[in-house]
Amino acid sequence: MGEDITELEFYGDSLLLYDSVLIELSSRINIIRKANIIHNERDPIENVKTRIKSPKSMINKLKMKGLEPVAESIRGNVTDAAGMRVICTYIDDVYKVASILASQKDITVLETKDYIKNPKPSGYRSYHMIVELPIYISDTCHRVCAEVQLRTLSMDFWASLEHQIRYKHDIPSHKMIGAELKRCADEVASVEMNFLTIRDMINSIKNNQE
Ligand code: 0O2
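Report follows, based on the coordinates. This is a predicted model, so every value here is computed, not measured.

Observations regarding the overall build of the protein chain
For step 1, the next point in the chain: Looking only at helices and strands, the protein chain features 6 helices and 5 strands.
For step 2, the next point in the chain: The order of helices and strands in the protein chain, counted from the N terminus, is α-α-β-α-β-α-β-β-β-α-α.
For step 3, the next point in the chain: Taken along its principal axes, the extent of the C-alpha atoms in the protein chain is 60 × 50 × 25 Å.
For step 4, the next point in the chain: Pairs at least 24 residues apart make up 67% of the contacts formed inside the protein chain by residues separated by at least 6 positions.
For step 5, the next point in the chain: Carbon and sulfur atoms form 55% of the exposed surface of the protein chain, whose accessible area is close to 12600 Å².

Section: the sheet that holds strand E4 (residues 127–137)
For step 1, the next point in the chain: Taken together, 5 strands build an open sheet; the order of strands is E1-E2-E5-E4-E3 and the sheet is mixed. Two strands lie at the open edges of the sheet, namely strand E1 (45–52) and strand E3 (108–114), each paired on one side alone. Across the sheet, the axes of successive neighbouring strands diverge by a mean angle of 25°, strand direction being ignored.
For step 2, the next point in the chain: Both strand E2 (residues 82–88) and strand E5 (residues 140–152) contribute to a ladder of 6 bridges, which runs parallel. Within the sheet, the bridge partner assigned to Val86 lies in E5 and is Leu150.
For step 3, the next point in the chain: Contacts between helix H4 (residues 91–103) and the sheet are confined to E1, E2, E3, E4 and E5, with E5 contributing the most and set at about 170° to the helix.

Here we look at the pattern of salt bridges
For step 1, the next point in the chain: All chains considered together, the criterion is met by 18 salt bridges.
For step 2, the next point in the chain: Here Lys53 makes a salt bridge to Asp80, at a shortest N to O gap of 3.3 Å. Of this pair, Lys53 sits in the loop between E1 and helix H3 (55–64) while Asp80 sits in the loop between H3 and E2; the two residues are 27 residues apart in sequence, bridging distant segments of the chain. Assigned by exposure class, Lys53 and Asp80 land together as buried.
For step 3, the next point in the chain: Lys61 is the partner of Asp80 in a salt bridge, and the nearest nitrogen-oxygen pair spans 3.0 Å.

Re the packing of helix H5 (residues 153–165) against helix H6 (residues 175–209)
For step 1, the next point in the chain: As a packed pair, H5 and H6 sit with axes 9 Å apart at the nearest point and diverge in direction by 165°. Here H5 is positioned roughly antiparallel relative to H6, judged by the angle of their axes. For the pair H5 and H6, the crossing hand works out as right-handed. Of the residues in H6, those touching H5 at Ser154, Met155, Phe157, Trp158, Glu162 and Ile165 are Leu181, Cys184, Ala185, Val188 and Glu192.
For step 2, the next point in the chain: Of the residues assigned to the contact of H5 with H6, the class counts are 8 nonpolar, 1 polar and 2 charged.

Let's talk about the nonpolar core
For step 1, the next point in the chain: Counting 40 residues, the largest nonpolar core has Tyr11, Val21, Leu25, Ile74, Val148 and Leu150 as the members making the most contacts within it.
For step 2, the next point in the chain: Contributing elements (two or more residues each) for this core: helix H1 (7–11), helix H2 (14–38), E1, H3, E2, H4, E4 and E5.
For step 3, the next point in the chain: No other element matches the 8 residues that H2 contributes to this core.
For step 4, the next point in the chain: Ignoring sequence-local partners within four residues, the contact set of Val148 consists of Leu25, Met84, Val86, Leu101, Tyr127, His128, Met129 and Val131.
For step 5, the next point in the chain: One finds Tyr115, Trp158, Leu181 and Ala185 within the second-largest nonpolar core, a separate group that totals 6 residues.

Rules behind the numbers
Residues numbered from 1 in each chain as written. Predicted model: local features only at pLDDT ≥ 70, side-chain atom pairs only at ≥ 80, totals over all residues. Heavy atoms only, no water. Helix = DSSP H or I, 4+ residues; strand = E, 2+ residues; numbered from the N terminus. Contact = heavy atoms within 4.5 Å. Areas by Shrake-Rupley, 256 points an atom, 1.4 Å probe, with all protein chains shown as cover. Pairing = 2+ DSSP bridges. Axes fitted to C-alpha atoms, helices over the stretch in contact; angles between N-to-C directions. Salt bridge = Lys/Arg side-chain N within 4 Å of Asp/Glu carboxyl O. Buried < 20%, exposed > 50% of the residue type's maximum accessible area, 1.4 Å probe, protein only. Parallel < 35°, antiparallel > 145°, perpendicular 65-115°, else oblique. Left-handed = near helix turned anticlockwise from the far one by under 90°. Nonpolar A, V, L, I, M, F, W, Y, C, P; charged D, E, K, R; others polar. Core = buried A, V, L, I, M, F, W, Y, C linked by side-chain atoms within 4.5 Å.

This is how it looks when you write it as structure tokens:
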């Protein structure tokens, strides 16, 4: 079950809420980007992706949690039906964008997971926020949850490749592959730190010239 069912068949009326929360969050991110551009500041964001969790993936998640695999089980139990991934240029941009979102009065941050400061054993690095915000459908206000994953280009490079080749592929855990992927994550993180250092050196040379 779940292979052929469409998003609308599975999520029903809630699909509009999940679509709308992603439109709303994308708009907030766009405004952050535009504000930087207008003030001649560097755009901290490289790109943004949004997704509604596929019915198949949601059904698996509900079953894993011991819940009935229907859309009605989502509320109060699963918060990532709507997801947005914000790819930033540098690590400090991740925290800057996260703090701007968190500071917006109508956004409630329900949970944060900092896998940048505390990477997963797999090597996965990202900053996750579960946010809740108001969505108006006609004259009714709904509070809707979404997961926002913020990461840098290099974290995204690693996570995208690892996701394709290993994550959720039900392959038996293989020590050597796991260790190699972790090594790649550490190398990518180290290259990223080198770029940050070079950026800061260039900035300080520029500042001294002014
Ligand atoms: P998909 O297909 O990306 O949506 P929870 O969601 O809270 O029940 P968990 O694991 O505590 O479960 O959530 P967490 O740690 O916040 O991670 C959820 C999401 O982070 C995953 O979503 C992935 O997108 C991503 N993620 C976590 N660990 C890894 C990893 O080791 N490698 C990669 N590539 N991505 C990871 P989903 O729902 O599992 O999948």
